[in-house]
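# Overview (structure and organization)
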Amino acid sequence: MKLEFIIAGFGGQGILSLGKIIARAGIKENKFASFMPSYGAEMRGGTANCKVIISSQEIASPYINHPDVLIVFNQPSWDKFRPKLKRQSLVLLNSSLAGFSPSYRIKVIACPFTRVARELGMEKAANMIVLGRLWREIKFVKELTLKETIEEYFSSRRDIVSKNLEALARGKEL
Amino acid sequence: MKEQNKVFITGNEAVGKAAIDAGCQFYAGYPITPQNELTAYMSRQMRKAGRVFIQAESELAAVNMVFGAAAAGARAMTSSSSPGISLKQEGISYLAGAELPAVIVNAQRGGPGLGNIGPSQSDYFQATRGGGHGDYRTIVLAPTSVEEAYTFTCLAFDLADFYRTPVVILSDAIIGQMAEGIVFRPPSRKYSLPPKDWALGRAKGQQNIIRSLYLGERVLEKHNLKLQRKYRLIERKEVRFRQHLPREASLLIVAYGSMYRLAKDIAVELEGKKNKKSVGIFCPLSLWPFPYKALAQACARVKNVLVLEMSYGQMLEDVKLALGRQKPIYFFGRAGGEVPEVDEVCRFILKHKLI
């Protein structure tokens, strides 16, 4: 088993957190995982992306040529990584901030993730909504593992754990 | 796979954790991407451990503070990325001249000049040839994973103390910023480390002087010859490398650090295309001393050699020194913060019929 994810968007959209949570969940189930961030010098507003690999075998390079899963939060990321897709790739696209032509041959799940998050009153948890939607499509770890990982990841701020878990649940229903 | 308690941590943080575990008592640094996770880690953990953390006013100040701490007998470390490491070169030359142990971490980024914050391996010459002025060398260790970033940093402190010399950890934006689940393994080789009687404030009966200035007639030459004997000893004792040499390999890829990881993917990709293991890999783990002999031996059975680097051919020169005209040596490199892709290297190998 080997799954390669590219997650991309603006800095501040929770791109790197989402990538770290996916990788940590993999490690929690005794898989190998690598997380490779790439971002500008600025914390917010710039572009950010990360490459995550989960595998049952040792991982060589943390870089990814053709992702199994591409998660894009905005238009520039979609434009940048679209050429990297292979026919079997799965795309999760934030249609609040990126458009695409429906005639595309690759499986694209387009959802207004940002809008859904805003409606729940937690725009910053859009990344967890995406994670929920992704998990419905590919059960790369057990649901319990995912929840535990989220709890541990935000353990220093108990107040936002429940919000993120709520967002995860909402994502699964989309 | 059965190992539990893997910790998910970046390469930069693993270096910091290693320093704490190895008993580093003094850290001074100045922020620069892509090594900031290390300075940030040290700012929290050194204080927690009751050690000294200083965010210096400049790279120059940081390396000279390390000089002072090392002179007083403390285990000391500084870190930066390429442009900052250039600034530290004067201090590194002084450390080497004064025979002071210290660990210097370089998470390389694109250059020359301020360059960019992408990964690069363009500081190979600087790290392995001395970097500053004078006839000196520094031991250079190049980790290929987050786990090795930990192990090599622990080892670096031992080597620095054992040989009384600065040791460089040469990583890059990939090894530094990537995170993996690792187990903290201390280095297997142990060094007997006597008390630092030479350090300031620890003199027994006589006066200890730490200096790199020798003005008397032929005094500096004698000092240099002593350093050279030490370097020859290190060349004999501290060569480290890793190799995968399948029987039917016709091509040997030579790559270090993060590019070793890429070479592994390339070997697998080509194995799928050709249906046999036609690619071997040789990875120097110590860049100085460079594994010249081992590389020459590893090449005995292959037809071609490909050097893969994130530079325009720096380690390539050491490979040429090792092999002479023994084998055709090809080179593939990208720099300026860009990372070679598996596909393009495979195309290069197939186009030049290297397998």
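Presented here is a report on the structure given in the accompanying data block. Values in this document were obtained by computation on a predicted structure and should not be read as measured data. (Residues numbered from 1 in each chain as written. Chains lettered and ligands numbered in written order. Predicted model: local features only at pLDDT ≥ 70, side-chain atom pairs only at ≥ 80, totals over all residues. Heavy atoms only, no water.)

Attention now goes to the environment of B:Phe157. Tracing the chain through its elements places B:Phe157 in helix H7 (residues 146-163). Accessibility expressed as a relative area gives 2% for B:Phe157, which makes it buried. (Helix = DSSP H or I, 4+ residues; strand = E, 2+ residues; numbered from the N terminus. Buried < 20%, exposed > 50% of the residue type's maximum accessible area, 1.4 Å probe, protein only.)

Residues and elements named next belong to chain B. A surface patch of positive charge is lined by Lys274, Lys276, Lys303 and Lys353. In this structure, Lys303 sits in the loop between helix H11 (292-298) and strand S13 (304-309). Given a relative accessible area of 59%, Lys303 falls into the exposed group. (Patch = residues over 30% accessible without salt bridge, like charges linked within 9 Å, V, L, I, M, F, W, Y side chains within 5 Å. Areas by Shrake-Rupley, 256 points an atom, 1.4 Å probe, with all protein chains shown as cover. Salt bridge = Lys/Arg side-chain N within 4 Å of Asp/Glu carboxyl O. Lys, Arg positive; Asp, Glu negative; His and termini not counted. Charge placed at Lys NZ, Arg CZ, Asp CG, Glu CD.)

Moving on to unusual backbone geometry. Residues and elements named next belong to chain B. Of the consecutive residues Thr33 and Pro34, the connecting peptide bond is found in the cis state with omega at 5 degrees. Here the amide bond leading from Gly111 into Pro112 is cis, since omega sits at 0 degrees, within 30 degrees of zero. Position of Pro112 among the secondary structure elements: in the loop between strand S5 (102-108) and helix H6 (124-128).

Once that is clear, we can look at the packing of aromatic side chains. Any two aromatic rings considered together are summarised by their centre-to-centre distance and by the angle between their planes. Within this structure, the stated rule accounts for 12 aromatic pairs over all chains. Between the aromatic rings of B:Phe162 and B:Tyr163, the centroid separation amounts to 4.9 Å while the plane-to-plane angle is 80 degrees, which identifies the pairing as edge-to-face. The interplanar angle of 15 degrees and the centroid separation of 5.3 Å between the aromatic rings of B:Phe241 and B:Phe282 together place this pair among those described as stacked. You can see B:Phe241 sitting in strand S9 (residues 241-244) and its partner B:Phe282 sitting in strand S11 (residues 279-284), a full 41 residues away along the chain. Looking at B:Phe241, the relative accessible area reads 33%, which means it is partly exposed. Three or more aromatic residues joined by ring pairs form one cluster here, namely B:Phe162, B:Tyr163 and B:Tyr191. Positioned over the ring face of A:Trp135 is A:Lys139, at 4.6 Å from the centre of the ring. The aromatic ring of B:Trp198 is capped on one face by B:Arg164, whose charged end is 4.3 Å from the ring centroid. (Phe/Tyr/Trp six-rings, centres within 6.5 Å; stacked < 30°, edge-to-face > 60°. Lys NZ or Arg CZ within 6 Å of the ring centre and 35° of its normal.)

Just geometry here; none of it tells us what the structure is for.
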